[in-house]
Amino acid sequence: MIEESSSAEPRLSSMQMAWLQEMGIDRQLLARFRRSAEITAAARSTAGERVSHDVSPMAAPPLVDPPTLVPTRTLLKVPGHPGRDASSIAVAEAGTGAGPRAVAHDWAALQIQVANCEACSLCTNRRQAVFGAGVADSPAWMVIGEAPGEQDDRDGRPFQGRAGILLGAMLAAAGVDAEAQVFYANLVKCRPLGNRTPRLDEVNACLPYLQRQIALLKPQRILVLGKLAAQALVGKDDDFESLRGTVHVFRSETGVDIPLVATYHPAFLLSRPQHKAHAWRDLSLARSCLVSQ
Ligand code: URA
């Protein structure tokens, strides 16, 4: 909670301030406090009262109630295959028709496999596959985006562009130490030209890599960014708003249940900053989750 102070403005923690700034409402909100304090002071002095600053409650988006858990099925509908399990589709049908594709079982081999992957046509235009980056041993957070952007494709690391900067600010404001607590990955490891949305055949070709990454990493929670990644990992093609606001349970290949929360993609928030407050609630929800093993 934001503490009251003896001044007109509430005393904000640096995290709360960072979020207000992130949402672009710090100035308006604080100005409102100043105005209402002035009005209160004027009214009370007119009434001959001793003046004290009356701070109306301004709560940072609260930590949410204990989350309800909804199991995921990791099922993504592919035209022509309604309701089939995405992982089996990917293994059976990914790639160039070369048949079932085995996915490496250890981290180093998986990196090499992804770097050399030709399972879908995205490989033809990439500079390099973007495997993911960050803390690779049971990170507190695994953040999963959609696909590498231009700069990511150049650098070989995810979230290097403007969306990544906003994502970093959001996580920092939620008290997440990105250096020590986060692994970043994408649904699709190669950049779609023109940053178009990856097609379902591309998602399904790549999904086994992400599933293996999750199983090997054993993150404490997963934050998925944007509709496509949310639908793919939750396994439902529900509209995005109904996927948000709930803690889903992602069952890894090794049977570990991992809490999963969906939120807006930071690229979307760049153009629609009014949704940042909702993203803050999603982050708070994710922060409140702990994996049960
Ligand atoms: N960069 C990434 O790595 N992922 C995204 O989803 C967007 C930009």
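Values in this document were obtained by computation on a predicted structure and should not be read as measured data. (Residues numbered from 1 in each chain as written. Predicted model: local features only at pLDDT ≥ 70, side-chain atom pairs only at ≥ 80, totals over all residues. Heavy atoms only, no water.)

On to the packing of helix α6 (residues 162-173) against helix α12 (residues 276-287). Contact pair α6 / α12: the axes reach a minimum separation of 10 Å and the direction vectors enclose 55 degrees. In terms of axis orientation, α6 runs oblique to α12. In the crossing of α6 with α12, the sense of the turn from one axis to the other is right-handed. Counting all contacts with α6, which are made through Leu-166, Met-170, Leu-171 and Ala-173, the residues of α12 involved are Lys-276, Ala-279, Trp-280 and Leu-283. When its residues are assigned to classes, the contact of α6 with α12 shows seven nonpolar, no polar and one charged. (Axes fitted to C-alpha atoms, helices over the stretch in contact; angles between N-to-C directions. Helix = DSSP H or I, 4+ residues; strand = E, 2+ residues; numbered from the N terminus. Parallel < 35°, antiparallel > 145°, perpendicular 65-115°, else oblique. Left-handed = near helix turned anticlockwise from the far one by under 90°. Contact = heavy atoms within 4.5 Å. Nonpolar A, V, L, I, M, F, W, Y, C, P; charged D, E, K, R; others polar.)

Counting 64 residues, the largest nonpolar core has Met-142, Leu-171, Leu-210, Ile-214, Ile-222, Leu-223 and Val-224 as the members making the most contacts within it. By residue number, the principal contributor to this core is helix α8 (residues 200-217), which donates eight residues. Discounting residues that sit within four places of it in the chain, Met-142 has contacts with Phe-183, Ala-185, Leu-210, Gln-213, Ile-214, Leu-217, Pro-219, Arg-221, Ile-222 and Leu-223. (Core = buried A, V, L, I, M, F, W, Y, C linked by side-chain atoms within 4.5 Å. Buried < 20%, exposed > 50% of the residue type's maximum accessible area, 1.4 Å probe, protein only.)

A separate point is the packing of α8 against helix α9 (residues 227-234). It is the contact of α8 with α9, at a shortest axis distance of 11 Å, that shows an interaxial angle of 65 degrees. Relative to α9, the crossing made by α8 is right-handed. Residue-level inspection shows Leu-200, Val-203, Leu-210 and Ile-214 of α8 in contact with α9, the latter providing Leu-228, Ala-232 and Leu-233. Partitioned by chemical class, the residues of the contact of α8 with α9 number seven nonpolar, no polar and no charged.

A complete count under the given rule lists five aromatic pairs for this structure. Measuring from ring centre to ring centre gives 5.0 Å for Trp-107 and Phe-131, while their planes differ by 80 degrees; the resulting arrangement is edge-to-face. Of this pair, Trp-107 sits in helix α4 (residues 107-115) while Phe-131 sits in the loop between α4 and β2 (133-134), placing them 24 residues apart in sequence. Through successive ring pairs, a cluster of aromatic residues spans Trp-107, Phe-131 and Phe-183. The ring of Trp-141 carries Arg-221 above its face, with NZ or CZ at 4.9 Å from the centroid. (Phe/Tyr/Trp six-rings, centres within 6.5 Å; stacked < 30°, edge-to-face > 60°. Lys NZ or Arg CZ within 6 Å of the ring centre and 35° of its normal.)

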